[in-house]
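Coordinate inspection notes
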Amino acid sequence: MTRKSTPYLAIAFVIGFLPAPALLAESHGGGMMHGHGGPGAMHDEVTMPGLRGANASAEESAELALMFRNFRTLSREVENLPNGIRSVTRSSDPEVMDALVSHVVGMIGRVEAKDDPQIIIQSPTLDIFFARAEGIDSEIDVTDDSIVVIQTSEDPELVAALHTHAAEVSDMAERGMQAVHERMMDGHQ
């Protein structure tokens with residue numbers, strides 16, 4: 001992967017926004033969790049236990065919770081490219097924007113390292129990214145009011161997954177946890 005660095009991103013890496021495995025999730029069996037955890041676990045909008053992961057830090061889970069609680073502050077534009085995607089994501093709330101940048105930088109770094117956080121509500125669309133990370137080229141640009149991500153691949157399956165994941169993220173930015181719950185109930189989790 002290639003990454004376009006900005007001073008903001010360099011600071012994010014230095015002060016530890018990249019993930020450190022720490023938090024163990026509630027689980028029923030081992031391995032990747034693509035479904036509901038314990039009774040009511042996915043529908044607890046207060047503590048949001050579904051945002052925990054077997055290989056995710058408490059900080060990562062807290063960033064996700066902040067973004068989900070404040071999804072109405074997010075706006076997103078996605079352009080599907082023949083070989084990938086270009087997304088522009090913003091938040092009207094500076095704290096949410098900081099969490100967004102940290103999350104995007106951290107997740108792209110995790111994909112690059114093939115370091116799956118195994119978040120309980122994580123979309124199975126991400127599995128191919130972690131399995132074939134070397135096939136994705138990523139550029140990140142943080143502007144004054146947005147984070148722009150361009151991800152491309154020569155692998156048609158990765159391109160299709162990039163398109164699918166971009167649509168899933170846009171749906172979550174528009175509808176919050178409701179989008180996740182519906183995807184899980186439809187068996188796409």
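The structure this text deals with has already been given above.
Residues numbered from 1 in each chain as written. Predicted model: local features only at pLDDT ≥ 70, side-chain atom pairs only at ≥ 80, totals over all residues. Heavy atoms only, no water.

**Examining the overall build of the protein**
- If you tally the helices and strands in the protein, you get six helices and four strands.
- Ordered by position from N to C terminus, the α and β elements of the protein give α-α-β-β-α-α-β-β-α-α.
- Here the protein holds 189 residues, and the buried ones make up 48% of them.
- Counting every atom, the protein has about 9,200 Å² of accessible surface; 55% of that belongs to carbon and sulfur. (Helix = DSSP H or I, 4+ residues; strand = E, 2+ residues; numbered from the N terminus. Buried < 20%, exposed > 50% of the residue type's maximum accessible area, 1.4 Å probe, protein only. Areas by Shrake-Rupley, 256 points an atom, 1.4 Å probe, with all protein chains shown as cover.)

**Some remarks on the nonpolar core**
- Leu 51, Phe 68, Leu 100, Ile 121, Ile 147 and Val 180 are the most contacted members of the largest nonpolar core, which has 29 residues in total.
- Those elements that place two or more of their residues in this core are helix H2 (58-69), helix H3 (94-113), strand S3 (137-142), strand S4 (147-152), helix H5 (156-175) and helix H6 (177-185).
- For this core, the element with the highest residue contribution is H3, accounting for eight residues.
- When sequence neighbours within four positions are dropped, the list of residues in contact with Leu 51 reads Ser 61, Leu 64, Ala 65, Phe 68, Ile 119, Ile 121 and Met 177. (Core = buried A, V, L, I, M, F, W, Y, C linked by side-chain atoms within 4.5 Å. Contact = heavy atoms within 4.5 Å.)

**Comments concerning the pattern of salt bridges**
- By the definition in use, this model includes nine salt bridges.
- A salt bridge links Glu 77 to Arg 90, with the nearest nitrogen and oxygen atoms 3.1 Å apart. With Glu 77 in strand S1 (residues 74-81) and Arg 90 in strand S2 (residues 84-91), this pair connects stretches of sequence that are 13 residues apart.
- Here Arg 90 falls in the partly exposed class, since its relative accessible area comes to 24%.
- Taking the shortest distance from any N to any O, the salt bridge between Asp 145 and Arg 90 comes out at 3.4 Å. (Salt bridge = Lys/Arg side-chain N within 4 Å of Asp/Glu carboxyl O.)

**Let's talk about the sheet that holds S2**
- Pairing in this open sheet of four strands is antiparallel, and the strands run S1-S2-S4-S3 from one edge to the other. Bordering the open sheet on either side are S1 and S3, each of which pairs with just one other strand. Going from strand to strand, the sheet's axes swing by 10 degrees on average, the running direction of each strand aside.
- Sheet contacts for H3: S1, S2, S3 and S4; angle to S4, the most-contacted strand, approximately 20 degrees.
- Along the sheet, H5 makes contact with S1, S2 and S4, crossing S1 at roughly 160 degrees. (Pairing = 2+ DSSP bridges. Axes fitted to C-alpha atoms, helices over the stretch in contact; angles between N-to-C directions.)

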